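Geometric and topological summary
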Amino acid sequence: MSREPRGRIPSSERRSGKAGRAGKASNAGGDSEPMMAIIHGELPPREVILRFIADHPEQASKRELARAFGLKGESRVALKNLLRELEEEGMVQKSRKSLIRPGALPPIAVLDITTRDKDGMLIGRPAEWADENGVAPAVMVKQSSSPAGRNGKGKAPVAGMGDRILAKIFPAVDRGGPSYTARIIKVIDKRQGASMGVFRETPGGGGRLMPIERRGEEMVIDPDYTGGAKDGDLVEVEVARLGRFGLARAKVLSVVGSVASEKAISMIAIHAHGIPHVFPAPVIAEADAAKPATMSHREDWRSLPLITIDPADAKDHDDAVYAEMDPSPDNPDGVIVTVAIADVSWYVRPHSPLDREALKRGNSVYFPDRVVPMLPERISNDLCSLKEGVDRPALAVRMIFSKEGRKAGHTFHRIMMKSAAKLSYQQAQAAIDGQPDDKTGPMLEPILKPLWHAYHIMKKGRDRRQPLELDMPERKIQLKPDGTVDRVFVPPRLDAHKLIEEMMIQANVAAAETLEKRKQVLIYRIHDGPTLAKQEILREFLATLDITLAKGGNVRANSFNGILAKAEGTPHQTMVNEMVLRSQSQAIYSPDNIGHFGLNLMKYAHFTSPIRRYADLIVHRALVGSLGFGEGGITPDEEASLDDIAAEISTFERRAMAAERETVDRLIAHHLAGRVGAEFEARVGGVTKSGLFVTLPDYGADGFIPISTLGTDYFIYDEAHQALTGEKTGLGFRLGDDVTVRLAEAVPLAGALRFEMLSEGRQMPTGVRSFHKATRRNKNQGRKAPGTRPPRGRR
C-alpha cells in the first residue's frame, strides 16, 4: 500500500441565490419545493444539511457549509461533529475535499455519451462507476448556445454520440428527468463508431458479430464485408447500415487475430475502455522531428556516475541514482543522495500535438504482452530514456540526510547526464549479496555499496515515519512465445526494489516542498484516510478476531501497522491484510493538498516517472518555470486548468488499472478453460450475500461460487465476521479459509470462472452462530402476515 513506484469555483460558475446570506439555504437550482427555514448563524437540522449537500456539490466542503449557513465558533464545532456522524452513518462520503451523498456524482466527472432522450438531448453516464452504487445515473449533457468557450475564449466544446467528455456536474432542476445535468469542459475522445467483437461464420458466407461487451448487440456481416476474417477472429467493425427492422449490418475494418491469442485478449480491454493506442500522424511527425537537447540552462553532470536500476526487460529508463558521504563537518556520517529524472518537459511542450496526445492518454498502460505508451517510442525509449553511456537531459535533486535518516535539505538542478551503467534489480542485488558479475564487480565499492549505505540511513527515517505496510504479493504472468500463459509467479521483493522505491518517494516529497515554497500551484498525489463507515466495518470484523481498532476520526497509518503485526504469523494474516486494504481510500491527483495517508506524508507529488505519467510531466513543468530553468515551463493556461487535468488523469489511471486487471482475468480464464472439472486448492477471498469469491494462489485467478451451490443448508451472511454459515449445521466459510474447489465453467472473453465447493466448511465460532440465531429470530419476529405488503419506500 505504501508503494507509489480543487480550487475555488469562479463566481461566474456558481449558482445564483446566496445560500445562508438571507437566513435561508437556497434550493436546488430553482426547484420550487422550499427548504426548511433556518435561523442564520445557528446549526440547521440534519435534513437541511443533507439537502444542501445534494443540491450544491460544489459548495459542500465544511468551510463552504459553515459560510453558507453563517456558522461561527461553537456552531462550527457542532457542524463538524454532525458531519462526522453523517459520514459514520453512511449518509455522506468524502470526494476530495467536498462531501457528497453516497452514490452521487462528484462536481467534475468523466462521462460517456451513450444515447439521446425523446427531445434529442444527449444523455451520458459516468465512465467509472462502482458496482455497489447500483445503476450509474443518467446525466443530461447541455451544449453551449454560445460560440465562445469558457470565459469567452475560443470555441465552446461540442460533443456527440459515443464521445467521452470531462464535464461539470449539476443537480437537475427538473425532477422528472435525469438526476443531473452537465456542462462540457472538454471532449476527451471522439469515438468513430467502431465496435469490436468475435466473427462467427454463417452458412452461405458472411457471418455475425458477437459482441464482447455486456451491452453490445449482434450485427450481420455480409460476405463482401468480412475483410478476410475467419471463424473465431476478433475483429473491429463499423456500422455499414441501420434499418428500421432487424439487426444492424457491419463492415470489418481490421482483423486483430484469433480470439484464442493473447494479443486479441489485451485488445479487448483496450477497446472496451476506449484507451487510445494508435498515435496520430502529427504526433509521430513531431516525435520524429525532435532533436537532442542542448546545454541551454543546464549544468554538466556527465562525469557523475549515476546508474539506472530497473526490471530486466525495461525498455525505457526514466530515473538514475547516486549516493555519497556528505563531506560537510556539520553533518557527520550523513549522506547525499542524488536522483536524476528524464527531462521530458524539454521535448513535450504545452499544447503541442505530443502534449495533447499525452494528456488524452494520461499514463502508459501495461499488459503482459505489450505496453500502450503515453509517448511515442522516439521520445519514451530513445531521446528521454537514460541510456547507458549516452548524453541525456534530466532534472536532478540532491538530498542531504543526517545519519538518523532526517532530511537536512535539497536542491534541484537541470542537468546533462550520462548514465554509467544500466543494471537490473536482480543484478544489483546479487552484487551486494556477494555475487558480482563482470559489470557490477568494478562498481561495487565506488557506487553500489554507497547506495545501499544511503538506503539503510533513509530507512531509519521511513521506519520512524511508519507508512502503511501491507503484505500483498504482486503476481506476474509469464507468457510463452505464442502469447499464451506459461506460468503465474510472485517475484521476490528485494532490497534493490526498496532502495529505488524510497529514493523515488523522497524525490517526490522534495518536488512538492520546493513548489510549495515557491508558491507555485501544482498537482499533488493525495490519499485520504479511510472513511468512518469503512473504519466501522473493519472494526466489527477485527473484533471477531479479538483485535481492536480504536474509534475516532484521527486514525493513522501506524494504527493499521499495529493490527497487521498482531495478525502476522496467524491463520488470519492474509484475511486481515485483505480487509485492511479494502478499508483504504483510493489515491488520486488534485491541486488541493490533503496529504498522503498511506505513505504518512503531508507533501507529496509525482515527479519521478514523466515518461509514463502526465502528472509527473506537469510537476516537471512547474519546477522548470518556478526555478527559472529555461524552456518548457508551465503556462498560465495550464495553471488555470489544473482542476480539470487532475480529474482527467485520475480517471485515466483508474481506466488503466481496470484494463490491466481485466486482461489478466481473461488470460487466466483462457489458460484454465481446458481444465473444466479439475480440482484446485483455493482461498476464500470475498464473502457476499450471493456467494463466495475464491482465489487460486498458484494462478492468481479469481472465481465465484454461487450460494445456491454450497449445499442443502440455509446459509446466512454475516458482514461483521465476513462469513456464510449454515443455519442447521453451523458449518460455514469465512474470508481467508483454505478450501478445495472444482472448476465448473470458464468464460475467457468475460474473464469469468465459476467453481463448485468441495470442502465441507468448518465449524463457525460460537459468537458467529449466536449472531446468526439472533438475526434469524429478529427476522421471524418482524415478518408480516401472509398477503401483507411493506409500506411504500421500504420494499
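Because the structure is predicted, anything quoted here is derived from the model rather than measured.

Examining the overall build of the chain
Helices and strands together make up the secondary structure of the chain, namely 17 helices and 34 strands. Burial statistics for the chain: of 795 residues in total, 49% are counted as buried. As displayed, the chain has an accessible area near 37500 Å², and 50% of this comes from carbon and sulfur atoms.

Details of the sheet that holds strand E34 (residues 762–763)
Sheet architecture is open: four strands sit in the order E29-E30-E31-E34, paired in antiparallel fashion. Two strands bound the open sheet, and with one partner strand each, they are strand E29 (715–718) and E34.

Topic: the environment of Asp117
Relative to the assigned elements, Asp117 resides in the loop between strand E3 (108–116) and strand E4 (122–126). According to the relative accessible area criterion, Asp117 is partly exposed, its value standing at 24%. C-alpha separation for the pair Asp117 and Met140, spaced 23 residues apart in sequence, amounts to 8.7 Å. The residues touching Asp117, leaving out its near neighbours within four places in the chain, are Ile123 and Met140.

A short note on the pairing of strand E30 (residues 723–726)
Because side chains alternate across E30, one face comprises the buried residues Ala723 and Thr725, and the other comprises Leu724 and Gly726, equally buried. Here E29 runs beside E30; their pairing, made up of four bridges, is antiparallel. Across the sheet, Ile716 pairs through a bridge with Thr725, a residue of E30. As consecutive antiparallel partners, E29 and E30 are separated by four residues, and within that stretch Gln722 has a phi angle of approximately 50 degrees, a positive value.

Some details on the pattern of salt bridges
Here the structure, examined in full by the defined rule, presents 38 salt bridges. The closest approach of N and O atoms between Arg539 and Glu536, which form a salt bridge, is 2.5 Å. On the criterion of helical spacing, the pair formed by Arg539 and Glu536 is a turn pair, its members being three residues apart in helix H11 (residues 532–543). For Arg539, a relative accessible area of 11% puts it in the buried group. Within this structure, Arg462, Arg465, Glu469, Arg493, Glu501 and Glu502 form a network of salt bridges that share partners.

As for the side chain of Ser585
As for its placement among the helices and strands, Ser585 is situated in the loop between helix H13 (573–583) and strand E25 (588–590). What makes Ser585 buried here is its relative accessible area of 17%. Within the local environment of Ser585, its side chain forms a polar contact with the backbone oxygen of Asp528, the two atoms lying 3.4 Å apart. Every residue in contact with Ser585, bar those within four places of it in the chain, is listed here: His527, Asp528, Gly529, Pro530 and Thr531.

Section: unusual backbone geometry
Not every positive phi belongs to a glycine, and Gln466 is a case in point at roughly 55 degrees. Position of Gln466 among the secondary structure elements: in the loop between helix H9 (444–465) and strand E22 (476–479). Its relative accessible area of 34% is what places Gln466 among the partly exposed residues. In this model, Asn600 sits at a positive phi of 60 degrees, which is unusual for a non-glycine residue. Within the fold, Asn600 resides in the loop between E25 and helix H14 (614–626).

A short note on the pairing of strand E32 (residues 738–747)
With five bridges joining them, strand E26 (residues 679–688) and E32 adopt antiparallel strand pairing. By the bridge assignment, Glu681 is partnered in E32 with Thr740. Counting the residues in the hairpin turn of E32 and strand E33 (residues 752–757) gives four residues, including Gly751, whose phi is positive at 65 degrees.

Considerations on H11
The end-to-end C-alpha distance of H11 is 16 Å, a good match for the 16 Å that 12 residues give at a rise of 1.5 Å each. For H11, every residue scored as buried is listed here: Leu532, Gln535, Glu536, Leu538, Arg539, Phe541 and Leu542.

Remarks on the confidence of the model for the chain
The pLDDT averaged across the chain works out to 83; a share of 82% of its residues lies at or above 70. In the model, residues 5–37 has pLDDT below 50 throughout and makes 72 contacts with residues more than four positions away in sequence or in other chains. Within the model, pLDDT remains below 50 along residues 147–153, and this stretch shows 13 contacts once partners closer than five positions in the same chain are excluded.

A look at the packing of aromatic side chains
Tallying each qualifying case throughout the model produces four aromatic pairs. With a centroid separation of 5.5 Å and 90 degrees between ring planes, the pair formed by Phe412 and Phe607 is classed as edge-to-face. In this pair, Phe412 is assigned in strand E20 (residues 407–418) and Phe607 in the loop between E25 and H14, connecting sequence segments 195 residues apart. Where Phe560 meets Phe597, the ring centres are 6.0 Å apart and the plane angle is 80 degrees; that geometry is what we call edge-to-face.

With respect to helix H6 (residues 353–361)
Looking at H6, one finds that the buried residues are Leu354, Asp355, Glu357, Ala358, Leu359 and Arg361. Note on H6: the residue one or two positions beyond its end, Gly362, has a positive phi of about 80 degrees.

Some remarks on the side chain of Ser590
With respect to the helices, strands and loops of the structure, Ser590 is situated in strand E25. Polar side-chain contacts of Ser590 include one of 3.0 Å to the backbone nitrogen of Asp592.

Description of the environment of Ala430
Structurally, the position occupied by Ala430 is in helix H8 (residues 425–432). For Ala430, a relative accessible area of 22% corresponds to the partly exposed category. A sequence separation of 66 residues divides Ala430 from Ala496, and the C-alpha atoms of the two residues are 9.5 Å apart. The residues contacting Ala430, other than those within four sequence positions of it, are Gln435 and Pro436.

Notes on the packing of helix H10 (residues 495–517) against H14
Any two packed helices are characterised by the angle at which their axes cross and by the distance between the axes. Running from N to C, H10 and H14 point in directions that differ by 45 degrees, and their axes come no closer than 10 Å. If you check the angle between H10 and H14, you find them oblique. For the pair H10 and H14, the crossing hand works out as left-handed. Here Ala511, Thr514 and Leu515 of H10 lie close against H14, whose contacting residues are Val619, Ala622, Leu623 and Ser626.

About the thresholds
Residues numbered from 1 in each chain as written. Predicted model: local features only at pLDDT ≥ 70, side-chain atom pairs only at ≥ 80, totals over all residues. Heavy atoms only, no water. Helix = DSSP H or I, 4+ residues; strand = E, 2+ residues; numbered from the N terminus. Buried < 20%, exposed > 50% of the residue type's maximum accessible area, 1.4 Å probe, protein only. Areas by Shrake-Rupley, 256 points an atom, 1.4 Å probe, with all protein chains shown as cover. Pairing = 2+ DSSP bridges. Contact = heavy atoms within 4.5 Å. Salt bridge = Lys/Arg side-chain N within 4 Å of Asp/Glu carboxyl O. Polar contact = N/O pair within 3.5 Å; in protein donor to acceptor, adjacent residues only side chain to side chain. Expected span 1.5 Å × (residues − 1). pLDDT = per-residue confidence, 0-100. Phe/Tyr/Trp six-rings, centres within 6.5 Å; stacked < 30°, edge-to-face > 60°. Axes fitted to C-alpha atoms, helices over the stretch in contact; angles between N-to-C directions. Parallel < 35°, antiparallel > 145°, perpendicular 65-115°, else oblique. Left-handed = near helix turned anticlockwise from the far one by under 90°.

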